[in-house]
Each structure stands twice: as structure tokens, then as C-alpha cells.
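Overview (structure and organization)
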Amino acid sequence: MKKGLIRLSSNYLLRQSKLFSTNNQLIFRFCSTKQEKHEFKAETKKLLDIVAKSIYTDKDVFLRELLSNASDALEKQRFLATQKGEQVPSDLEIKIELDEQKRTITIEDSGIGMTKQEMIDNLGTIARSGSKQFLEQVGTQMNDKIIGQFGVGFYSSFIVGDTVEVVSKSERSDKTYVWISDGTGTFEISEAKDYFQGRGTKITIHLKPDQAIFSKKTEVLKTIQRYSNFINYPIIVNGERQNIVSAIWVRSKNEITPEDYNKFYEYISNSKLAYKYKLHYSTDAPLSIKALLYIPQTHMEKYGMQMEEFDISLYCKKILIKKNCRELLPHFLRFVKGVVDCEDLPLNISREGYQDSALIAKLKSVVAKRIIKEIESEALRDPANYLSWYQDFQNFIKEGVAMDDEHRNSMTKLLRFQTNKSEDFISLDDYISKLPQGINNIYYYLAPTRQQALTSPYMEPFTNSEIPVILTMNHMDEVVFKQINEYSSKKFVNIESDQAEVDKVAQKSTEEKEKKEESNVETTIPNDEITPFCLWLKNELNPIISQVQISKRLKTSPAIIVSAISSGMRQVMHAMGQSTDDLKNLTLEINVNNPIIVNLNKVRKSNRIIASLASKQILDGCLLSSGLLRDPKEVVERQHKILNVLLTSEINTPIIEEVGAYREEAVKQNDQKKDDLDTEIIIDSDGNPQVVKKNKK
């Protein structure tokens, strides 16, 4: 039996020196009088310990590394057979045998095998990659098939093993050799007879007592499924094949049936639910990517149970690099499931991560753009089908628009909204196509329901206008529109808070109306009383109202609240725990042609208490319409006082007329009493106003 030292590939160590500290006894010597050339030196046992324990994060990766090596050996055998014009061997497979009693795990492949010298070179030299040497010989045509590149994966077996035994036979040799090491820096190699009938390599690891779990089938199967389930060749564990799901993302779309796609989705999603859309593509520029991505029909976030977790895995040549890879997609696309296989990944030495963050960022951008483009294509191809999906996933789309600067423009094309003209959901491009010529704004309004939006005072300027208004019931849309700001050179305008822009619409509407018919307002506040009335109203409603102004937009409603902060933005700020000082320094717009406002001006001169109650009730209605009414207690108390006044009044003709025609008889009776009676208001002991009768003097 021949003994040897496990050597170190010095060139490779120099390239990877950043992975090691000065404590690893790397020595570089200089001579001051005569220039001499020396090799770097290393304490082999300590270096093996570093490779086995420091490079890899998880102990189970040893199996991934050995299965990848076995796959490479099989791929080399297939390639050589093809090059010779021979039939590809039918026995290309990987076998794993487990023995819990002996505490061993054995991985055997029927691949290319190794000669004695290759075993000495490849296994006896750390960081010397046999696969890399093979690629240098055959050229780049095998780059996408061969996994190994660093020459350290084999030594991960010492993470879990006390002793590692390798038996191998190459077709280029008629002898079989066995290589044995305990990882202390030396190995033994000798000829083994009657071991292999054909060719291949067999690795037996004698597990450490605390790593005996890797002789159990359940643990091995879990590791295979996690890392190596998509290796091209059969993996047979104790006589039973395990990797029955193939890596269909590397195959041509023409070779894959709908059933194949369905089964693969069931496998990666652990769900029997069908997917909504799929994206299967490959490209070589700007990166070499093969991807199969699924967009589901539903998600868990809509139930308020949990946030969707990233369920997309990053592979390199069908070997898992990272599961649930958050770096692979923007956060708003976390609902996408599938795999991305990138051959250009600059992996670190453990293959558990990557070194080039800029390249990963590029990969993230490329994949995200393809997903968004695919969704947009589906939306154009079948709008009704897309809309059914959009109803469930719109919050993800809006999150992308609001939070992602890179993809905001493309995501905006996926938005859909109703307008006051139709209940159909349309895109912003469709909305713009319906705008009258010369309109440079996109108008929108937020309300709890569509009906409330249509009957809101804020909608009055658009009631008879050709200009459509986007109606939304989601307060997060306010943030979305603010972030977009402009789309196709048209600015977003909230008709609740952007007073100047809405007044332009109202002014144009008024001018058009005046051209058709003369203004014939039956009642209005006299011009000389407008200023005193506004000052009185401001004083009554202070500090909530700091300014009262005449409205240009209102046609039928008595008044509205105007604020620089819309109700939608207030809801967002409240949800974020930010104070908005809602009930301070607001502007009240009044319609001086509205009967309520006209009568309020009259009553304030003769009945201060009733006028004060009425003004506050008008304000309550405005606050309610604008979403500012948060504490209804005072409103209810005030309504009770007003009801008390109404119910105790028997001769208030104007109020009776408002009740309806069925009270006409009561009106006649009250008219007969007017010659003899009048009323006055007094404050009772509880502070409530009361209407009482009095005889005329």
C-alpha cells in the first residue's frame, strides 16, 4: 500500500487567499542577498480542517457535493461515448447505500472513474479540480453540464466522517484502486481486486458518532430533495429511485406537456391548486438564464393570516444554491413561485452563496422585467381573465408602483380602475383615451363605496362633464397616485384636495352652461351680506374652520370641506401612527345659492341659537363627507337638540313643508293660527333650546 501526503494547489490558494487568515501558517520567504523561488507552505491537517469545517455552513452539504461530483463523472462518461460515436451507456446512475449499524453512507456512480494517478492528483491535492481539468481538455461545449469547479467539494466528507474510502476504476485502466484517508493530512492508496466489473467510483464515509443521522434514510432523502433533486441521472437510495421530478426548466418548451407543467407546480408549491400564469424562458444575454416561474391564482395575504414568503429557488446547473431566495425578486413579486437557473453565477467556494452582488442585482432586474412583461401580455390577451386575477393581487401591483422606482412605469400599466362613467375596470391608457381634448389631468376620488362617491358633493363639478373621474375605494391608492405623479404627461389630481384644478373644471362647466341658458337663481345671499355671513360662520366654527370661501364647484350641496391633505392620505397617515391635526385650520366652501345656506343667513339675524346649531350640523355633514368625522358623540348630541326643537314646534311652516305633501292639512291649520300666535325660543334648565308659543301683543 502506497502512502502519500494530501497536497495543496498553491496557485489556487493564492487566488483564494482572501478566504484564509494569517493564522493558517501560509509562509512566504524572501532572501535579502540572493533571489530565491519558494512555494507557499501550509499545514495540511489544519487546511483540511478549514475546508471541512469553515467553508461550509451546513453539514448536509457534503452529500450535495458528492452527488454533484458523481453527476459530473456520469456526464463525462456520456460525453466521451458521444465523442467516440458510441451509444450512451444505459447504466448511468448514482446509488446510495445506508447502513445504520455500521454507521456508513456509500455513494457509487457508474461514471468515468479514475486511474491511480488521477486519484493521487485529484483526491490528494486540495483545490485541484478534476472537472476543471476535463473542461480545459474538451473546451467550453460542456460548460453547462459540468458542476464542479473548485476542487474542494470532496473534502466536505470529512465534516461528517472519521474515515473516507474511495474505490475507483477507469475504462482507461484494467486495475481498480482504493484511496483511504482519515483527514489528518495523509492518505493510502492500493490496488483493489474484484471490486468493479466495469467502471465507476464508490465513496464510503465512516460517519462520526455525532453524525450518525446521515446513515438514516429520512435524513438523506431530505437532503437530496433540498439540493440535488434535479440531477440528470437517477439517484437510487437503498434500491429505490428518489429524484423522479425532472428539471423541466432546462428543456425546450416544445418537449413539455401541460401535465408536466402542472406536476412541477404541484411539486414546488406543495399545492393541488392550479396556477394562473406561467413563464418559461431561457436567454443568453445579458446573462445565461433558464427559468420556470409560476403566478398563482390566489394567495394567503388576502386572508390577513401571513405575508407571502419568497418561494423561488436559485440554481446553478440544476444544483440548488439558495432556496427562498429573497435577493432574486423585488419584494412586491414575492407571490411568484418557481426556479431560476443561472450558469453565470460567481459562486463562493462553498457554493452556498455568490460573490458578485452587482451580478445578482442584474439578475434580479432581468427576471423581474420578464415577469412584469408576461403579466402585461396576459392582460392584453385576455382582459377579463386578467381582471379576475387582478382583484386578488392588486395590492401587490400597487405596492410595486408605490415602492419600486425601477419598475414603477411598467407596473403602472397593470393598474385597473373604475370611473364615474362606468363600472368596468380600465387601464390608465384607456382612461386617457376617453379624456376630452385639451385635458391634461387624470382626476380621481376616494370614497368608501361607489355609490357614496357618485353622490358626494366633490363630484358635482363632474356630474354633467365629459371628463371621467377614477373612483377608488382603497386609501392606499392615494399613495400610489402621489408616487406616480404623472402618467403620459398627465398629472394626477385629487378632486377632493386639489382645489385650483377642480375650480378650472367648474369654471368651464359654468361658462358652457351660461352659453346655453341664462342664470336664473331664485334665491341667493345678497352681495353685501356675503362677507358678514362668512365672518360669522368662521367665528361659529372656529377653531376647526379657519377660512370660509364661496364655492365655484358646488351646484346643489350646501358646503364642503377643503384641505391640502385628502381623506385618503389622512387614512394612510393614521395607519402609520402619524398625527395630521385633522380638525384644525380647515377651509369651508359654501354654496351661496343653496336654500339651506340662504336660510341660515336669514336665521342668524333673528335666532342666534338655532343658527349656531344649524351651522355646526352643516359642518358635521361636511366632515362626514370628507372622512374627518371620527368622534360621533358631539354630532349625536347636537342632532338630538335639533330634533327636540323640530318636534316641539307646531307652527314652523317652512319645516313642515319640508316634511312632505301629506302635511298640507297641518300647514293650513298653522296658517290660521298665525294671526293670533307667534313663537319664541327659550333655554330650559338642561341647557336645551325649546320653542314655545306666545300671544301677539
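Notes on the structure in this doc start here. (Residues numbered from 1 in each chain as written. Predicted model: local features only at pLDDT ≥ 70, side-chain atom pairs only at ≥ 80, totals over all residues. Heavy atoms only, no water.)

1. Remarks on a nonpolar patch on the surface
Taken together, Leu643, Leu646 and Leu647 make up a surface patch of nonpolar side chains, about 300 Å² in accessible area. Here Leu643 shows up in helix α19 (residues 633-648). (Patch = residues over 30% accessible without salt bridge, like charges linked within 9 Å, V, L, I, M, F, W, Y side chains within 5 Å. Areas by Shrake-Rupley, 256 points an atom, 1.4 Å probe, with all protein chains shown as cover. Salt bridge = Lys/Arg side-chain N within 4 Å of Asp/Glu carboxyl O. Helix = DSSP H or I, 4+ residues; strand = E, 2+ residues; numbered from the N terminus.)

2. Points about the packing of aromatic side chains
One pass over the full model with this rule turns up 29 aromatic pairs. Relative to Phe214, the ring of Phe62 has its centre 5.2 Å away and its plane inclined at 85°; by these criteria the two rings are edge-to-face. Of this pair, Phe62 sits in helix α3 (residues 61-83) while Phe214 sits in the loop between β9 (200-207) and α6 (217-228); the two residues are 152 residues apart in sequence, bridging distant segments of the chain. Of the two residues examined, Phe62 and Phe214, each falls in the buried class. When the centroid spacing of 5.8 Å and the interplanar angle of 35° are considered together, the rings of Tyr386 and Trp389 count as tilted. Here Tyr386 and its partner Trp389 are both found in helix α9 (residues 383-403), three residues apart, which amounts to about one turn of the helix. (Phe/Tyr/Trp six-rings, centres within 6.5 Å; stacked < 30°, edge-to-face > 60°. Buried < 20%, exposed > 50% of the residue type's maximum accessible area, 1.4 Å probe, protein only.)

3. Regarding the nonpolar core
Counting residues in hydrophobic clusters, the biggest one holds 104 residues, and the most contacted among them are Leu363, Ile371, Tyr443, Ile561, Leu588 and Ile590. Considering every element that reaches this core, the biggest residue donor is helix α8 (residues 357-381), with 10 residues. (Core = buried A, V, L, I, M, F, W, Y, C linked by side-chain atoms within 4.5 Å.)

4. Thoughts on the pattern of salt bridges
If you walk through the whole model with that rule in mind, you get 29 salt bridges. Two residues, Glu65 and Arg64, come together in a salt bridge whose shortest N-O distance is 2.7 Å. Exposure class is identical for Glu65 and Arg64. Each is buried. A salt bridge links Lys322 to Glu327; its shortest N-O distance comes to 2.8 Å. On the basis of relative accessible area, Lys322 is assigned to the partly exposed category, the value being 28%. Under the relative-accessibility criterion, Glu327 is labelled partly exposed at 31%.

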